[in-house]
Amino acid sequence: GHFDEVIEAIDKIIAELKEEAEEDTKKRDQCLEEYQKIESTVKKTEWLIEKNEAKIEKLEALIEKLKKEKEDTLEAIEQVKEDIKAMKKTRKEENEEFLQAKKDDQD
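Definitions and cut-offs
- Residues numbered from 1 in each chain as written.
- Predicted model: local features only at pLDDT ≥ 70, side-chain atom pairs only at ≥ 80, totals over all residues.
- Heavy atoms only, no water.
- Helix = DSSP H or I, 4+ residues; strand = E, 2+ residues; numbered from the N terminus.
- Rg over C-alpha atoms; globule rule 2.2 N^0.38 Å.
- Buried < 20%, exposed > 50% of the residue type's maximum accessible area, 1.4 Å probe, protein only.
- Lys, Arg positive; Asp, Glu negative; His and termini not counted.
- Charge placed at Lys NZ, Arg CZ, Asp CG, Glu CD.
- Salt bridge = Lys/Arg side-chain N within 4 Å of Asp/Glu carboxyl O.

> For the overall build of the protein chain, give the residues involved together with the corresponding values.
Counting its secondary structure elements, the protein chain contains one helix and zero strands. Computed over the C-alpha atoms, the radius of gyration of the protein chain is 46 Å, more than 25% above the 13 Å expected from 2.2 N^0.38 for a compact globule of 107 residues. C-alpha atoms of the protein chain, sized along the principal axes, occupy 155 × 10 × 10 Å. The proportion of buried residues among the 107 residues of the protein chain is 0%. Computed over 23 positive and 34 negative side-chain charges, the separation of the two mean positions in the protein chain equals 11 Å.

In structure tokens:
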């Protein structure tokens, strides 16, 4: 009689609690799975950042090296221009001396 209703109510509550526990477990598993996916994405992204930072450092070093090479090349070009000027001047002077000597020989 009287206890049957109480037992039935307790059974009903136990069934609801089991159902809630199953839902909680599913939700926990789903959250854990999402967390693991996020963790994996974060790790992959951090690795890519590290890799790209290393690549950037290499490229910056290369840029500096090439800038230095360009400066050295421009300096070398200027030196060659100066050398050419000096050679032309020397050649002109030598030619004038030659022409003068030739003229002196003819006189």
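> So what's going on with the pattern of salt bridges? Residues and values would help.
This structure, assessed with the given rule, holds eight salt bridges. For Glu-33, the salt bridge is made with Lys-37, and the minimal N-O distance between the two is 3.9 Å. Pair noted here: Glu-33 and Lys-37 are both in helix α1 (residues 2–106), with a separation of four residues, about one helical turn. Looking at Lys-37, the relative accessible area reads 54%, which means it is exposed. Put simply, Lys-67 and Glu-64 hold a salt bridge, and the shortest N to O gap is 3.8 Å.

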